[in-house]
Structure formats: C-alpha cells, structure tokens
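Listed below are the residues making up each chain.
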Amino acid sequence: MTDVPAGGLRTDATTTIPSRVLAGGSAVRSVVAPIVLGAIVIVAWQALVVGLQIEPFVLPSPSAIGHQFVANLDNVLAGAARTGLNALIGLVVGAVLGVLGAVLANIASVLDGMAAPLVAALSVMPIVALAPVLYTMYGADVEAARQIVAGLAVLIPVYLNTLRGLRQVKPVHRDLMRAYAASAGQQQWAVTLPTAAPYVFTGLRIGASLAVISALVAEYFGGPVTGLGKSITSAAASSNYPLAWAYVLGAILLGLVFYGATLGLERWVTRHRSS
Amino acid sequence: MRRLRSIGLGLAGLLLAAAVWELYKTFGPENGVVVAGRTILPRTSDRAMPHVWEMAGRLFEPAVGHSGPPLWQNVLEAGLFSLRIAAVGWVIGVVVGLALAVVMSGLKIAEAAVLPWVILSQTVPLIAIAPLVRRWGSALSTDGFEWESWYSVAVIAGYLAFFPVAVGMLRGLRSPDATHVDLMRTYGAGWWRTLRALRLPASVPYLLPALRLAAAAAVIGVVVAEVSIGLRGGIGRMIIEYAQAAGGDPAKPWAPIFGAVVLGLIAAGFVTLLGLPLRRYRRSEVTA
Amino acid sequence: GGGTPSSGDSAGGSEPVKVKLQLQWVAQAQFAGYYAAVDQGYYKDEGLDVQIVEGGPDIVPQDVLSAGDVDYAISWVPKVLGSIEQGAKITDVAQIFERSATTQISFKDKSIADPAQLAGKKVGSWGYGNEWELFAGMQKAGVQLSDIKLIQQAFDMNGFLSGDIDAAQAMTYNEYAQVLETKNPKTGQLYQPSDLNVIDWNKVGTAMLQDAIWANSDRLASDPAYADETTKFIKASIKGWVYARDNPDQAAKIVTAAGSQLGQSHQLWMTNEVNKLIWPSGHGIGMIDDASWKRTVDIALGTKNETGATIISKAPPETAKTNEYVEKALSELKADGVDVDGKGFKPITVQLQEGGN
Amino acid sequence: MNETSAGVAGDVRAVRVQGAGKVFGSGPTALTALSAIDLEVGQGEFVSLIGPSGCGKSTLLRLIADLDQPSSGSVQVFDKPAGQARRDQDYGIAFQQAGLLPWRTVAANIALPLELHRIGKAERATRVAELLELIGLVEFAGSYPDQLSGGMQQRVAIARALVERPRLLLMDEPFGALDEMTRERMQNELVRICSETGAAVVFVTHSIPEAVFLSDRVVVMSPRPGRIVGVVPVELGQGDRHDALREEDSFFAAVAAVREALHGVEAPASQGSARGVDSR
Amino acid sequence: MNETSAGVAGDVRAVRVQGAGKVFGSGPTALTALSAIDLEVGQGEFVSLIGPSGCGKSTLLRLIADLDQPSSGSVQVFDKPAGQARRDQDYGIAFQQAGLLPWRTVAANIALPLELHRIGKAERATRVAELLELIGLVEFAGSYPDQLSGGMQQRVAIARALVERPRLLLMDEPFGALDEMTRERMQNELVRICSETGAAVVFVTHSIPEAVFLSDRVVVMSPRPGRIVGVVPVELGQGDRHDALREEDSFFAAVAAVREALHGVEAPASQGSARGVDSR
Ligand SMILES: Nc1ncnc2c1ncn2[C@@H]1O[C@H](COP(=O)(O)OP(=O)(O)OP(=O)(O)O)[C@@H](O)[C@H]1O
Ligand SMILES: Nc1ncnc2c1ncn2[C@@H]1O[C@H](COP(=O)(O)OP(=O)(O)OP(=O)(O)O)[C@@H](O)[C@H]1O
Ligand SMILES: Cc1ncc(C[n+]2csc(CCO)c2C)c(N)n1
Ligand SMILES: [Mg+2]
Ligand SMILES: [Mg+2]
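Residues numbered from 1 in each chain as written. Chains lettered and ligands numbered in written order. Predicted model: local features only at pLDDT ≥ 70, side-chain atom pairs only at ≥ 80, totals over all residues. Heavy atoms only, no water.

A word on the overall build of chain C
Regarding its fold elements, chain C presents 14 helices and 10 strands. On C-alpha atoms alone, chain C measures out to a radius of gyration of 20 Å, which is about the 21 Å that the 2.2 N^0.38 rule sets for 357 residues. Counting only C-alpha atoms, chain C reaches 65 × 45 × 35 Å along its principal axes. The buried share of chain C, reckoned over its 357 residues, is 64%. Relative to all contacts within chain C whose residues are 6 or more apart in sequence, the contacts with residues 24 or more apart total 80%. Looking at chain C as shown, the accessible area adds up to about 12300 Å², and 49% of this sits on carbon and sulfur atoms. Separation between the mean location of the 31 positive side-chain charges and that of the 46 negative ones in chain C comes to 5 Å. (Helix = DSSP H or I, 4+ residues; strand = E, 2+ residues; numbered from the N terminus. Rg over C-alpha atoms; globule rule 2.2 N^0.38 Å. Buried < 20%, exposed > 50% of the residue type's maximum accessible area, 1.4 Å probe, protein only. Contact = heavy atoms within 4.5 Å. Areas by Shrake-Rupley, 256 points an atom, 1.4 Å probe, with all protein chains shown as cover. Lys, Arg positive; Asp, Glu negative; His and termini not counted. Charge placed at Lys NZ, Arg CZ, Asp CG, Glu CD.)

What about the overall build of chain A?
A count of helical and extended segments in chain A gives 12 helices and one strand. Every one of the 275 residues in chain A was classed for burial, and the buried ones make up 56%. For chain A, the share of sequence-separated contacts (at least 6 apart) that also reach a separation of at least 24 residues comes to 77%. When the accessible surface of chain A is totalled, it reaches about 10500 Å², and 73% of it is carbon and sulfur.

Some points on the layout of surface pockets
The volume enclosed by the second largest pocket comes to roughly 1300 Å³. Surrounding the second largest pocket, 40 residues form its lining, Trp45(A), Ile252(A), Trp117(B), Leu120(B) and Val124(B) being those nearest its centre. For the lining of the second largest pocket, the secondary structure elements donating two or more residues are helix H3 (27–51), helix H4 (62–71) and helix H12 (241–269) of chain A together with helix H3 (71–106), helix H4 (108–121), helix H5 (126–140) and helix H6 (149–173) of chain B. (1 Å grid on protein atoms, 1.4 Å probe; cavity = no way out; pocket = protein on both sides within 12 Å on 5 of 7 lines; lining within 4 Å. Points joined across faces, edges and corners; volume = space filled by probe spheres on them.)

Overview of the sheet that holds strand E10 (residues 227–233) of chain D
Residues and elements named next belong to chain D. Spatially, six strands are ordered E6-E7-E8-E3-E9-E10 in an open sheet, and the strand pairing comes out mixed. Edge positions in the sheet fall to strand E6 (91–94) and E10, since each has one partner strand and no second. Averaged over neighbouring strand pairs, the angle between their axes works out to 15° when direction is ignored. Across four bridges, the pairing between E6 and strand E7 (residues 168–172) is parallel. Bridge pairing in E7 places isoleucine 93 opposite leucine 170. (Pairing = 2+ DSSP bridges. Axes fitted to C-alpha atoms, helices over the stretch in contact; angles between N-to-C directions.)

Section: the interface of chain B and chain A
Each partner contributes to the interface: chain B provides 62 residues, whereas chain A provides 58 residues. Taking both partners together, chain B and chain A bury about 5200 Å²; carbon and sulfur atoms supply 77% of that area. Linking chain B with chain A are zero salt bridges, by the criterion used here. On the surface where chain B and chain A come into contact, there are five residue pairs in polar contact (both at pLDDT 80 or more). At the level of elements, helix H1 (2–27), strand E2 (38–41), H4, H5, H6, helix H7 (178–186), helix H8 (191–229) and helix H10 (254–275) of chain B are the ones that each hand at least two residues to the side of chain B that touches chain A. Of all the elements, H4(B) adds the most residues to the side of chain B that touches chain A, at 11 residues. Along the lines of polarity and charge, the residues of the side of chain B that touches chain A split into 43 nonpolar, nine polar and 10 charged. (Buried area = accessible area lost by both parts, 1.4 Å probe. Salt bridge = Lys/Arg side-chain N within 4 Å of Asp/Glu carboxyl O. Polar contact = N/O pair within 3.5 Å; in protein donor to acceptor, adjacent residues only side chain to side chain. Nonpolar A, V, L, I, M, F, W, Y, C, P; charged D, E, K, R; others polar.)

Some thoughts on the nonpolar core
Most often, soluble globular proteins have nonpolar side chains that are buried together. Core analysis: the biggest nonpolar cluster contains 234 residues, and Tyr34(C) and Trp241(C) have the highest contact counts within it. Among the nonpolar cores identified, the runner-up in size contains 109 residues, and Ala211(D), Ala254(D), Val106(E) and Phe175(E) belong to it. (Core = buried A, V, L, I, M, F, W, Y, C linked by side-chain atoms within 4.5 Å.)

What about the arrangement of the chains?
Summarising the chain contacts, seven pairs of chains touch, and the pair with the most contacts is chains A and B. What separates chain C from chain D at the closest point of their C-alpha atoms is a distance of 48 Å, and the two make no contact. Spatially, chain C and chain E are disjoint, and the shortest separation between their C-alpha atoms is 49 Å.

What about a nonpolar patch on the surface?
Judged by side-chain polarity, Leu85(A), Leu88(A), Val92(A), Val93(A), Val96(A), Leu97(A) and Leu100(A) come together as a nonpolar surface patch covering roughly 580 Å² of accessible area. Here Val93(A) shows up in helix H5 (residues 73–107). (Patch = residues over 30% accessible without salt bridge, like charges linked within 9 Å, V, L, I, M, F, W, Y side chains within 5 Å.)

As for the site of ligand 1
All names here are of chain D. If you check the shell around ligand 1, you find 13 residues, and the closest are Ser53, Gly54, Lys57, Ser58 and Thr59. Between an oxygen atom of ligand 1 and a main-chain N or O atom of glycine 56, the distance comes to 2.9 Å. Of all the secondary structure elements, the ones that give two or more residues to the shell around ligand 1 are strand E2 (31–41) and helix H1 (57–64). The dominant element in the shell around ligand 1, judged by the number of residues it contributes, is H1, at three residues. Class assignment for the residues of the shell around ligand 1 results in four nonpolar, six polar and three charged. (Near = heavy atom within 4 Å.)

Right under this line is the structure:
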C-alpha cells in the first residue's frame, strides 16, 4: 500500500545501528569485516613494535600482551570476576531504580520536574569523581562505593531512555486501554511498559559498558584490592606494560561481555518487534 | 508559565533533596543502614555527610588558611581551565566523529569493519590510556613544537567525545527517507552533493543531541585525565588535592564535585545555544 | 624538549641549558629542595634552566625519563628496580633520601604495634609500588598476604579515620600529618601522636631507599655534556636541599608559591619531616649507601605481592646506580664551604592546625 | 443536521447523540470540531460517517466511545451514558491503524480485552479460537503482528473488537491503510460478520463506494465546525450485500448521490443542493 | 503481456520497456518481482499502472527511473538507456509521500533540482515563481512543508517534478495519502497541468476510478511474478477531462472493465477472462 517497503527496510536497519552491529544482519560482513580490520591492525602493530624496536613502555607488542594475558589468566579472570560482579550489581540496581524512577516520573509529572535538576547534574558530571566521597560514605573496606558508582552510571541513561520510551505509547494503544476501561495498573503492564521496553534496552546497552568502566575506574580511588583496575595501575606503576595491557584486555573483554549480554537480551525480548 | 513551573519544580526538587539529606543525616544510624552485611544507606557522620550548609558555606571560605580568595573562586578558575581543555577535546571529538560517520555512512564495508571497534574503544579504561597518550605526545615533540600536558588531556577528552558523535551522526546521515535518497539519484546527484544537500541537513536532529553528549563526555574525559596525569589547574587535580584535606575539612572535597557539575551544565548549555541557528533543520515533515 | 638540547653550548655557559625534572607527585614539600634550587637561582648559577614537571597517580617518572621526555626524574628505588628489569635504562645518580618515610599507622585501640599484629587486620596501602616495604615487613614477621585484608587507600585518610582500615600506610611527611590535622570526635581536639601506634620500617629493618635523582644511563655513557650537566644538576639540587634544611619556613613558602594547595602548617610539617629523612647524612647528601642499597635489592628480590610476583627476579645491572656524579658535586660543594652532612641538624617543631591550614 | 432514519423509534437505540458539540482548547485558539450533532443508530443498523478531512468524524466516534467528552449535548449508548457503556464494555472498537500490540501473538492480541476483564483462561481460549475461525487466520494464532500483512492485521483488530460480542461496533477508517483489492475483500467479510452477529456499526470512512456498499445509511458531514449536512439512505439488496452489487446501477446511483452531497458541502454556496440529498 | 496501444509506432517513445524482468535477491530466497514486461508509452500519453499490492508496479516505475536495474530485458527512455535519461534529467518523478525536505521552504524545495544542476539564481527564481503560480501556492513560497496540508505538500512535490520541464512524468501513487475529496481535486489539477505541459505520464495507483479518470490507457498487472495481464484503453472526452466525467456512464463502464480485469487477475483460474479485456 505504500511504496516504501524496500527503502523502508533499508532505513530501519541503519537507524538502529549500534544495536545491530555485533550480530545478525548481513552476518558475514558484520563478523568478518571487523575481524579482518582487527587482524590487520594487530599485525601492523606487531610489525611496528618489532621493526622499530619500540620499548614496551611506549607501546607493548600484541604478542607480549597476549603472552602476559595467558600467563596471568588466573589473575585476569579473578580481577574480571570481582570488577564484573560490581558492575553487574550496579547494572541491575541502577537499571531497576532507573526504570522505577522513570515509571513514577511518567505517572506524576511533578516528580519528573523535581528530579530534573538532579538528573541534569548527574548526566553531565563525571560519576567517578563521586568515588572518593562515596568511599567515605559507604566504607573503604567494602565494594559498595564501586557498585554505587556503576549504578549511578547506569541509572541516568536507563532513566532517561525509559522515560522517553514510556512516552512513546501510541495514542491508539492508549485509546484502546481506555475503551477497555483498563485500570492504571493494567495499562502499565499491558501497554506502557512493553512499549518502553526497547528504550529501556537502549539505556541498558549504553549503561552496560559504562558500568564496567565506572566500576573499574572507581577502584582507582581506593577500596579493597581485588579488581582489574587495581591490577592495571599496579602493573603500569612497575613499568610492566604488557601485563598492564593484558589486564586492560581483560577489561575490554569484560565490557564486551556486558555489552553483548545486554544486546542479546534486547534482541531476545524485542524479537517480535518490527518497524 | 511553563518555564516558571519547571523552574519552581526544579528548585523544589533540590530543596527536597537537601531536606532528605539533612533528615537522613539527623535520624539515620551513624554507621549507615546495613542489611545482611551490606551497607545500603550511607553513614551519617560529619565526615561522610557534611551538612548541606557546611558544603555550601565552605565555598565562601578561603581555600587554604584564613585569608585569600573564597573557595568558589578557586573552583571557578579550575572549572574554566578544565572547560577550555574540554572545549578543545570536544572539537577534536566532533571532527573525528564526523569524519568517521561520513566515511561509515558512505561505505557499508567501512561501517561493518569500523563500528565494532568504535564501540570497543569505549570499553578501554581511560586510566590505561592517559599515560600512553602523554608519552606518544611527547614523542611528537620537536624543537619547534612542544607537546604540553594539557594536549594529552584534550586528546583524551576527544577520545570520549568522538563516540557519541560518530554513532549519532552515522544514524543521522542514514536517516533520510529512502524517497529522498532516490530523489537525489533521480537528479543525478553524486555522493558529495547528496551529502551536502540531503544527508547533512537531515542529520541535524541527530547531531545536536550527539554534540550535547559529546560535551558531557569531554568534561568527564578532562576530569579523569587530569586526575590521571596530575595536570595542574583543573577540576580533576583539585579532586586529588582537596582530598588530602578531607579528614580535617570534610566539606572541602565536595567543592570540585559541584564544580564538575557546573562545568558539565555550562558545556551542555553551550551546545544548546549552538543548536539555535540550526533550528530550521529540526522541522520534521508532517505528512498530511 | 627533554633530552635533545642538553648537549651543545654548555661549555660556553652563556645560554642556560634547558633541563626537565620529572617529579613523582604533585608539587609539595617532598620536593622542596628542587623548588628551592629553582627559586634561589642555584640551577641558573650552574647554567641550567630547570623546568619542574609535576607527576600524578598514573605518571611513572622513570618511564618518562627513559622515554627521553625529561632529563632527570625523582622516584623511589624499588619502583625503579622493577622498571629497569622491564628495560628502562636509567641510573640512580643521587640518593637524596637516606631514610624511608613510609609507616603503617593505627589507632592505639587496635593494638597493632608491630608487623606481626597486622594479621587478621584490614591493612591499607596505595599500591603503585608504594607497598613493598609493608609486604617485606609482614613477610619478615611471618604474616602472609592472605592473612590480611588489603585495601587500596584513596587520596584521603577517611578510610582510616572511619575505621575501614585498621592500619593505614602513611608517609611521615604527609598522611601522618593529615591524621593529626583532624579533630578527634571523642575529645573535640585534634588527634595526638599518642593516639597512634606507628610501625616504622626503618626500625623493622625493611626500609627501602626512596627519593633519588635518576638520570638516563645511555646518555651518561655516550654524552659527556649530559654527564657534566648531571653533576651540575645534582650540585644545585643539593644546594636547594641545604637551603630547605636551613630555612624550612622559606622553603615551605616557596613550594606553596609554586602552586601546592596544601595548608601552611602542613607544608611546613612536610618540609621538616623530609629534612629528617636527609639530615644528618651519613656520607654526605646524595651518596648511595651500599648497605641500604643491598637491603633494598634483597627485599626487591625476595618479597612477593598478592599475585605472587616479586619486584625483580635478578640482581639489577651495574648501571642502576653510581656515586660518580654525586661525589664530584659533593667535593665541589665542600670546596665552596657548603655543609653537606648536616651533622648538627636539629628538626624544628611544627604545630599542625585543623585541616592543615 | 436532521436525522431522518425511520423504524427505530421507541425501542432501545444503540447510539443516541443529542445536540452534541465539541470544542477543543479554549480562548482565542479554541476550535469547534463538532456542533449540534444529532444522530441515532438503531440496533443492528450499519451507519457510515463520511465527510472531508478534519470535519470531525473521528471526534464524533470518540465521543460515542467515551474517549472524549462532548462540550455540550449528550451521548447515550444503549440508553446509558457513554461512560457507563464504556465501563460495561458495550462496544468494540477498531481504529484506522490495526493498533495491535506488537509483542503479543495474534491469539494474545485477540484475547487482550478478555484478559483485561479477567475472563478465565479456558473461556478465553475457546472464544479466541472462534474468532480466529471467523477471520480465517487459524493457522496464524501464534504469529506476531509483524509477520502478518496489513490486511491480516486489520482482520485481527476486527476480531479483537468483536471478541466480547459487543452489540455495537465502532470503526474509524479501519480499511484506510489497505489497498483497494484487499479492502474490497475486507468489506465483504465485514458485511458477513455483521450479518452473523447482528451488531450495530458506526463506520467512519473517506471512501464513498465503501460507505455505500456497507451501509444502511450514509451520514454526510460538513467541514469545521462539523455538522451533519445530509443523510443518504442506501437500499441495496438489504442485509445480503455481495460483490456483484458493486457493479449495479443502484450502487453507482447511491455513489453519485453521496458525492453530490459531499461536493455541495465543499462549496458552502451550494449548501442548499446538499440538503436536497436528504429527500432522495 | 501484450502491448496493444497504437499510433505511436515509428516515432520516439517516451518509454520503451522490452522483455524486462526483475529478480530480487538470489539463491533460494530470490523473488521474481517482474517478468517479461513489454510496455511503450508515447509522447504526451498518460498511462496508469494498476494491480494488487506487491505486483511490481513500483518496481517497474523504478526501472524506468533507473533507480533499479532490470535483471533481464531493456528499458529505454526517449530512445536512450534509462541511466542516460536519468543523467540527462529527461524525467520528473513524484512519490507516494511528497518527500519534501523539511528544512527547505516551499520555494527552495521546488528549486532543489535546479540548484543541484547549477541553474543560475535568476533563472531559478523565475521558474519557481511560474510553478508556484501553476500549483496555486504563490503565497506559501516562504512556508515550510510542515506548515502545509498534505494536499499542498503533494502539489509542491508535483511542482518539483515539473520544474525542469521534463517530457516524462513518473508518479508512484502520488495521491495515496490524501482523502478522497482532496484527491479528486488533485486529479483535476494533474489533468490540467499535463494538458498544459504536454508531458507523458506513467502513473501508479491503487484506485480504479483514479486510473480511469486520468489515463489514456490503464495497464493491469498480475500478482507475483508481476506481469501485464491487460491493457484497458479509456476513451473519455479525450484530453479534456473534467469533473463531470466522473458521473458519466462511460466512466463507470471503464471502471467496471478495469475491475473485471483486476479480479480476473486475483483468481488465477479466471485468467482467461482477464485476457479478454484486451479485446474490448
Ligand atoms: N485533541 C485535539 N485537540 C485539538 N484539536 C483537535 C483534537 N482532535 C481533533 N482536533 C481537531 O478537530 C477537528 C476534527 O478532527 P477529526 O479528527 O475528528 O476529523 P476527521 O473528520 O476524523 O478527519 P480525518 O478524515 O482527517 O480523520 C480537526 O480540525 C482537528 O484538528
Ligand atoms: N529491494 C527489494 N528487495 C527485495 N524485494 C523487493 C524489493 N523491492 C520490492 N520487492 C518485492 O518485489 C515485489 C514487488 O514490489 P513493488 O513495490 O514493486 O510492488 P507494488 O506493486 O508497488 O506494491 P504496492 O502496491 O504495495 O506498492 C514485492 O513482492 C516486494 O516485496
Ligand atoms: C595513587 C596514589 N599514589 C600515592 C599516594 C600517596 N602519596 C602521596 S605523596 C606520596 C609520596 C610519593 O610522592 C605518596 C606515596 C596516594 N595517596 N595515591
Ligand atoms: Mg508500490
Ligand atoms: Mg479521522
């Protein structure tokens, strides 16, 4: 009935780029191309380091990093587990609070208005700058401050995106609910929340890698000596850059796991939506 | 009217937050609310939660000693210092982000190859990058050109800022309706003309939020990088320095935090101003 | 830029040679001697135009030095030993601090008077290579790392003050003072030294050499101008430290004027404590004591961290240290009548104020 | 303006709109969308609303559905206030867009009103099965809306509107998005469904042939402020419409009559002639 | 399938499609959208394409516009390959949605093709003024698209398609989004514009009355794989169509003829009868 289907599909596939990048789509290209590019970069990097005899404190070679990664796999995994757990707790708590907050703000615009300055402040501030005061507030001997930093980093994108999503309820669906004389609660679960779901996931996806980074950088400001962040800095402090970058590699992989997991969850939950 | 209401509500929200802070500080347990061994709510000591008026009042006392300019002035100066670097970082990020987006939007294969790495780049902890950047920067120094520390900070800010721009602009450049793209083809317009006449204008609604996110990211990058490499003069270094006084002067470490917030708000506000002349590009087509 | 301009017209002496010094932390009285030397024109007298480059948490001075970005760097010996094993080619040319300033402090009620009592406690450390004396002391007392809960200390001492850390790492010149600048809520007065137990690694015997001046080994060997300049640099720096010893008030003010944000009483305290690390000097300021060096190397070889790693796995190369330049500098200074031993050094008494003001 | 349908006086009306008006906004920007609307729809009667864009057809339908409140006058559905009828679920409604919930299967979409009204699972299942049969989508029960064509989606929406066996169906351009061929097929099915269930229908459309083909009466409305300017009774093979009718002369005649009424509407000068349609 | 229009042999054709086929994708998911299409459109001739959804009307139009390439066969426009014609700007095109650039004023939208082809400012201004006159939107020259009604937007799009005086107009359901009344008005205007400019038109539509009212010939297509299954020549007051035609018997007869051709298409069994249309 419209003459856009062909183009329509095209635009849709690209307007959701970040969510469609790491899976699906034209599978071959989206998997092979980045791997090929990555391989080229790594080979060139290795050649550069070996060829120019670059010192490891200027640029460690990929092979050295890989070697350290394997040699210290236990430590990397242990650190990743701890940092990952903090990030996960932050992600879950931040996401739950973000969604709840957005639901409340959507129901009562007064709350929305009152939260506005705090949300604006949190969305522009470096959350990690809060780490020092959070350690004082929650204790330097527990992981709480790191989890809160991660949680705050997740809270804001989830809150903002969810709020946006909650406001996407189509008038026709709202009318439908009214026509069925649905209660406020019924409206929320039958229409409002499912409508917002893709937006919640957009927020989550942004939040997922932020959670890892934030939990990690928070370690930098103190706390129990357990995670990847601490390992990166102490390896770097002793000039063992290949080891430091082995931990960084661990952090990158951890971030990708988080990103991939939320992306997968998103795909699964929203698998039946089309444009 | 609407504005007044939102300002009023915002103030009410801030007052409420302050009231909650003070109420909790007064009635909350000294050691925080601990549930199953986990601290859920913070400690209420003066060290952990200074009174709101102490945090505010501290801004009007001298930074060190009993004379000298009030603390807020130091924070302001540090804020402006960081803001300048953030602005440079923002520009770097915007230029790089735009370039990447244009390349990716033009070449599917480039998008497929590059975009995952763009996302991946943001999972690298800044604290690992900061010293490297400084070192590489120094390697660029020649007799005529000296790599200064603040360049490193700006580059790191750019490293964070380019991401929202690249992703947002890619969406924006891909946002024109298929009809519009077809139309340009019927006019025999090439890649460059299509970019100028169609894709760039169409991307404006995506560009502005991306620029705002980039501004916030640049500020974050500057603060973290300043901490990391200890660059003097900005908010980040102030966080380290004022922390040393945290024991005896618990309200003091809050000052750079407020500074960071103001800094971010100024940066975001500036981008909003930038958007004003572009308003006409934000009209969305209303179909019948 | 660092490195390149050192050679050339140093002989002529008309144009001062540009020299960069990398500190290992931000401006503070820990580095009073260098700031004093700049302020008093001692470097200029030697034909050097010294630019002091501040450090930060992620700046590794020895790497900045070996990368050629600066000409000299200040760093702790154990931290550098690790870097040398990783390939950094740098040399300790003057061991300014003879004693270690690192301690582990705890409130009296925790009863941690010696390293053995750290077992089962929450023990603070900054990491970043600042932890080795602690680990060595524990190892010596038979306390394993798995026996304690190791906590990374933040930039502040709140973790200690709040009781999250039982025994905190404290530099005598900095964090120890930070605690004494804080009000004890029980008494309403500042904390007193009598409230604290202090484990001093010098006394335990696991002290390691700290602030030293490091120079680029390759350039020392190949570039006579640089070698010459190194002597001059050490000489002027020592004059700066002598100035700080004899004029602690002035030295503290110079550091504050250089941009340190520390309060006045704190800065003075730091100057005084740092003086204690240097003076009186056994063999003359800057001389590397063989026994201390050997102890430092032995600990570096034998102490394990939480991942089971030691700082170094084999003895450092010969090029890691030399007294050649400092001896030259000392003899020139002695000839000028400068007291480079400070045998009669008497520390001053500093009254700390709340918040260090 | 004048409501001339006969044979429905005395008994309960499916819809009774009396002197209803609707003003949106207030002050200088107020917009009178509807003015002095009188409309009655008998039980089992099929009434179409037609008129230029923006004349208030949807608004009128929304007043009947109690999705908006009239600014003046009254709206009764089965002799109850419209709000009461809504809460009693006396009507089913279908909009221009199918308005299916994309995260629910076809069956779950049809079951939605039943779920909301806490109908038991077993009963839901039987009822949904009946309707899937009716709309001919049994094998699509487990499909999601995005796996259906537009026409199939529309049928699901109609099933959803019918699932609670309403005695009144409100439909706002339900076939607007369909291509002509699918549309004609859907029209045929709607006719069949209505005759099977005996429901009254208020049907908004832009298409004159559609209105004529489906309706017992076509109500023609004028542009803002929306008023009823003509009612064209249609007498095609009453109650037993079939495709062939579309090519009969009486069909074309009715089409022409509605077009004339409409065009009269468009040029206010010829309003007199539009009135004339009433008397045909 | 067979192209029966007469009187255009020998001279230059606006469009000549010969044995064109289009397959989307490849392998097992390949989809044959068009198959063995032969179509000629003479200069100044108005040809409509009609057929069920998905039968390939848009695809055919896109082949002519060189927005897609045929998988087999050839497409010529004014005796040149389609790609050459596109680069030579031999045609103007209008899509279902107006497709105006929202950040450009009405005047700037109309001027867009001229700008892209580096026509001087002065010439642009005169030409835009002419077209604003033609579409009756002179006073809206400085307005933005979102300040126009759907019908007005559509007229701007048509002006844009005409601005370079193409000898061929390609229109893909340009009135699809309009309500019936506006649509009829637009049809009247299109007829007027075409007769003023003498352009040939290939017009895709779903609406039988629209096709009949506008065209010299109506080309009826079958569902996938799209083929031409009938061509209905229309002989209404040739070249001088006006609103009253819509109520003439010959109009209804042509409508019925097209409907029959179409319905024959829908049920493959009756394909034979659909062919019969050709011989009318
Ligand atoms: N919520 C609203 N607020 C303000 N004005 C409204 C609202 N809803 C409708 N209107 C106005 O009321 C008038 C009637 O609108 P309505 O949607 O009923 O028209 P319609 O006849 O259904 O038109 P269409 O054929 O385009 O669907 C229009 O001018 C419209 O702009
Ligand atoms: N780019 C494409 N890729 C794959 N298939 C396509 C593409 N474009 C169109 N098709 C398919 O080709 C067939 C014909 O499509 P086309 O858009 O030409 O139909 P149409 O007759 O214009 O239909 P409508 O009336 O719905 O506009 C359809 O089955 C469609 O799904
Ligand atoms: C990340 C970090 N590193 C070191 C210290 C402590 N500190 C401050 S000055 C100094 C002596 C060396 O300059 C030391 C060890 C800290 N608080 N945080
Ligand atoms: Mg089409
Ligand atoms: Mg409507």
